[in-house]
Amino acid sequence: MKRLNRLLLGAFCTGMLVSCANSEGAEGDTTITLWYWHRALDDQVIKDVEAEFPGVTINAQKVGGEYKTKLHTALIAGNGPDIVAMNDWASEYLQYSDKFVNLNDYGVEEIKEDYLDWKWNLAIDPETDTMIALPIDTGPTVLYYRADLFEEAGLPSEPDEVAEQINSWDAYVKAGEQMKERTGVFMFDNLQRTYLQNIEQQSDKYFTTDEEYIGDGGSVREAWDMAMKVNELQLTPRIADGERNAALNNGSIASFIGAVWEANILKDAAPDTAGEWRITAAPGGAGNNGGSFLGVLESSEEKDLAVEITKALVSTESQKEHYLGVELFPSTIETIESEDLYQPDPFFGDQVVMEVYAEAAKDVPLTYYGNLYGPLRSYFEDELTLVERGNKDPDTAWQDVQTKISRELSRQTNE
Amino acid sequence: MSRPVPNSSSDRVEAMSKPSLWSEIWKHRILYLFISPFFLLFLIFGLFPILFSLYLSFHSWSGLGDMTFVGFSQFNYLLTEPVFWQSVGNTFAIWFLSSVPMLFFALVIAFLLNLPRLRMRGAYRTMFFITNVTSIVAVAIIFETIFSNQYGLLNYVLSLIGIGSLEWMNSSFLIKVVIASMVVWRFVGYNAIIYLAGLQSIPKSLYEAAVIDGANKIQIFFRITIPLLRPIILFTVIMTTIGSMQIFTEPEVLLGLSGGVGGAGMTMTLYMYNEGFINSNYGYASAVSWMMFIIIGAFSFINWKLVQRA
């Protein structure tokens, strides 16, 4: 009996030990761990970069599910991967810049000129001047529109003419009225987008760089009023999000302002309308939706190496491969201008779409999102949905969203 | 011939009646070792998080910054937060809209499955239970296409039979109906199986006696079947209550994190998830979850009392 005891205890303990002992890597080989999500980077680029660093293994892990929550947990634990990809929510982590390597200490000034300035700027904490990540891709916004429907409504249909005549939000709304009158088709898909894309075109959003709230007036109020005008004229089809694809495919929606990456979604959503779509400069100017970053964690034990690998992963050459491989729109100017990306696209009636995207990418304004951009954006979206689909009074909706925000801000300062 | 009683006997009895707990555990250590994995896992992943969330609910913590003690201010904020109370109301509305028809239909189905002349009972049982093991995400996506505002299957059918189409996803009430219908669809079979087991446990002799006494079908149902099923009904009511109070996946997949138009499908759990994992207000989210604990506990208690008395 006693022997059996010992045996079992022994087996138990060895089991525990074995499960802990395997974390050491192969000898003499440095391993850099990278967290990203599917299509956040082109897998081939990661392999190519690994080959550039002899004796280094890049352990690239596609982290599925709630990526941001997992990253947040790793940061709390202070024991995460070396390199992490971050989506457009990277701006929320500027307040925790001490968890990231300050790239300004690693000579990134040298490559700054290669990148779009507004994108570069988004990864810098204005308070401490810490740069927490390097840009991967961007999402400049353009106007997607149906040339056939525009023609039917008596509007210009060639991209240049559209950009010239529909050059402001007022002109856009006016064209929307004409569209509805002549064809019965809706110019806008929903109010949320109408508002959001307007905000994205502005350099002033909800906060100043000192985190002072300015969303109760200024450009936010103007964007809100413009959306209310669209609503009053009933230029949106009042559909749920899940129905948007069907509406695009059956020709109920004549245009929308969207980021570069929405072209592929549109191609999948509306195959029946192939050849009828065009893109041109968005009325009100260019904005940006989405786009990710690559940073190095302060907890990394190989900071120098990790920073060098990060630089290589987002270099001008790599960005071209990211674009060709997984359609990540570049943040490096030279890549955007490289000639072989300028190809006619049959879905857009053989238009050379890169010309429009490239112009938009250079026009995006410098901006600051602020720590609370995420919750505030959803407060506005909730009320806009209520106005559009729940017939809520616009003035009450504006009051309600401001009340919600002041409660949220009071809670944050109490802490 | 009387045998002398050993002196030590009374001492021994005393020692045996008062064994130290630790020495007992040590004596049976090998058995405790075998059952220890459950307790260890429960301590680490069950008890500790529960206690920590209580501690957390009196603090303000975003995960990365410092944890600051704020007393009851998280609860204060919670009690004055309209969105939270809206989510409580939504949860109860969905509970009512789903559990009442669900338990009714479950009883009907169980009754039909229990008919003596029914053939292939096993096949029916399996069919009714399959809905319960189907992925909720897939179900939510299917329901979304059925209840779409403009291009939905149901609206198409309604328009065919001359009834105008409804904006299911725009109306605060209809959103709740859609979510409730998903819950009903998923759990009606599960509850029917439980009721069926209950029905089959009622002795046949009671029914035979009732028939001899001249009772009709309705009398038999209300005087024999329902009273004898009461513990089973109590069980399903409590389980349904606890389950419905924690509805999360259905609204999350169907309507997104915002809970649909005007947050009409925002349930308590979805609200807690948003605050904790989307906005990183861990202290506040813990306070929400403890509030949920109190609400669900109180509500289950009331339910239990009511069903027991009825």
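Everything below is about the structure printed above this text.
Cut-off values and rules
- Residues numbered from 1 in each chain as written.
- Chains lettered and ligands numbered in written order.
- Predicted model: local features only at pLDDT ≥ 70, side-chain atom pairs only at ≥ 80, totals over all residues.
- Heavy atoms only, no water.
- Helix = DSSP H or I, 4+ residues; strand = E, 2+ residues; numbered from the N terminus.
- Buried < 20%, exposed > 50% of the residue type's maximum accessible area, 1.4 Å probe, protein only.
- Contact = heavy atoms within 4.5 Å.
- Lys, Arg positive; Asp, Glu negative; His and termini not counted.
- Charge placed at Lys NZ, Arg CZ, Asp CG, Glu CD.
- Axes fitted to C-alpha atoms, helices over the stretch in contact; angles between N-to-C directions.
- Parallel < 35°, antiparallel > 145°, perpendicular 65-115°, else oblique.
- Left-handed = near helix turned anticlockwise from the far one by under 90°.
- Nonpolar A, V, L, I, M, F, W, Y, C, P; charged D, E, K, R; others polar.
- Pairing = 2+ DSSP bridges.
- Right-handed = clockwise from strand over helix to strand, strands pointing away.
- Phe/Tyr/Trp six-rings, centres within 6.5 Å; stacked < 30°, edge-to-face > 60°.

### A closer look at the overall build of chain A
For step 1, the next point in the chain: Looking only at helices and strands, chain A has 18 helices and 12 strands in total.
For step 2, the next point in the chain: Overall size of chain A, expressed as C-alpha extent along the three principal axes, is 90 × 55 × 50 Å.
For step 3, the next point in the chain: The buried share of chain A, reckoned over its 415 residues, is 54%.
For step 4, the next point in the chain: Taking as baseline every contact in chain A between residues at least 6 positions apart, the subset at least 24 positions apart corresponds to 77%.
For step 5, the next point in the chain: If the 33 positive side-chain charges of chain A are averaged to one point and the 75 negative ones to another, these points end up 9 Å apart.

### A few points about the packing of helix H9 (residues 172–200) of chain B against helix H11 (residues 217–245) of chain B
Residue and element names in this part refer to chain B.
For step 1, the next point in the chain: Direction vectors running N to C along H9 and H11 enclose 150 degrees, while the axes themselves pass 9 Å from each other. Taken together, the axes of H9 and H11 lie roughly antiparallel to each other. Crossing handedness for the pair H9 and H11: right-handed. Residues Asn191, Ile194, Tyr195, Gly198 and Leu199 of H9 form the contact with H11, whose participating residues are Thr225, Leu229, Ile232, Ile233, Phe235, Thr236 and Thr240.
For step 2, the next point in the chain: The class makeup of the residues in the contact of H9 with H11 is seven nonpolar, five polar and no charged.

### Notes on the pairing of strand S2 (residues 56–62) of chain A
Residues and elements named next belong to chain A.
For step 1, the next point in the chain: One ladder, built from seven bridges, connects strand S1 (residues 30–36) with S2; its direction is parallel. By the bridge assignment, Leu34 is partnered in S2 with Ala60.
For step 2, the next point in the chain: Once you follow S1 into helix H2 (residues 43–52) and on to S2, the crossover reads as right-handed.

### Focus on the packing of aromatic side chains
For step 1, the next point in the chain: Enumeration according to the criterion identifies 51 aromatic pairs over all chains in this entry.
For step 2, the next point in the chain: Seen from their ring centres, Tyr144 of chain A and Phe348 of chain A are 6.1 Å apart, and the 50 degrees between their planes marks the pair as tilted. Here the residue Tyr144 of chain A occupies a position in strand S7 (residues 141–146), and Phe348 of chain A occupies one in the loop between strand S11 (344–345) and strand S12 (351–352), the gap between them amounting to 204 residues. Considered together, Tyr144 of chain A and Phe348 of chain A belong to a single accessibility category, that of buried residues.
For step 3, the next point in the chain: With a centroid separation of 5.9 Å and 50 degrees between ring planes, the pair formed by Phe84 of chain B and Tyr271 of chain B is classed as tilted. Separated by 187 residues along the polypeptide, Phe84 of chain B in helix H5 (residues 82–113) and Tyr271 of chain B in helix H13 (residues 268–278) bring together distant segments of the chain.
For step 4, the next point in the chain: When its relative accessible area of 0% is taken as the criterion, Phe84 of chain B is described as buried.

Everything listed here is a matter of coordinates, which is why it stays silent on function.
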